[in-house]
Amino acid sequence: MGYEIHISRAEEYYESEGQPITLPEWQSYADGNPALSVGGWLGWDEDRQPIYEYTCADGSPVSLTWFEGAINIKGHFDGDPYREFGTFAEDLQANLQGDDGERYTANGVLPPE
């Protein structure tokens, strides 16, 4: 089973449609960020969207995709999620949250409420 990290403006990442990061907003941010590059595509024709790639400090590649108002980060890496992706979340005025509800912050990991 895979484990994901999510960038979301909602209290819980699975409620992101209520406070979305819009797809155009995400694409504009990602296209302007030199640490991200397009590594593939989801969908077909006019509905397709890019899959962005990022190389973590340990050299591991991860993918970032937009889904229903949140950014999903998939891949295996050995680093601290906040150090790797905290800037992305801050730039998007969003939270960094794991599948189990834990939040990654500059002050450490906060357990689910």
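Residues numbered from 1 in each chain as written. Predicted model: local features only at pLDDT ≥ 70, side-chain atom pairs only at ≥ 80, totals over all residues. Heavy atoms only, no water.

Participant: I tried to follow the nonpolar core on my own but got confused; where do I start?
Facilitator: One broad rule of soluble globular proteins: the nonpolar side chains tend to lie buried together. With 23 residues, the main nonpolar core has I7, W26, L64, F85 and L96 as its most contacted residues. Of all the elements in the fold, those that place two or more residues in this core are β1 (4-8), α1 (23-31), β3 (49-55), β4 (61-67), β5 (70-74) and α2 (81-91). Leave out the neighbours within four places in its chain, and L64 touches W26, L36, P50, I51, Y52, Y54, I71, N72, I73 and F88. (Core = buried A, V, L, I, M, F, W, Y, C linked by side-chain atoms within 4.5 Å. Buried < 20%, exposed > 50% of the residue type's maximum accessible area, 1.4 Å probe, protein only. Helix = DSSP H or I, 4+ residues; strand = E, 2+ residues; numbered from the N terminus. Contact = heavy atoms within 4.5 Å.)

Participant: Please clarify how the pairing of β1 should be interpreted in this entry.
Facilitator: Residues in a regular strand project their side chains so that they alternate between the two faces of the sheet. Among the five residues in β1, four count as buried, and that is most of the element. The pairing of β1 with β5 spans four bridges and is classified as antiparallel. Bridging across to β5, I5 finds its partner in I73. Where β1 lies against strand β6 (residues 95-98), four bridges are found, and the strand directions are antiparallel. The residue bridging I7 from the neighbouring strand is L96, located in β6. (Pairing = 2+ DSSP bridges.)

Taken by themselves, the reported measurements are silent on function.
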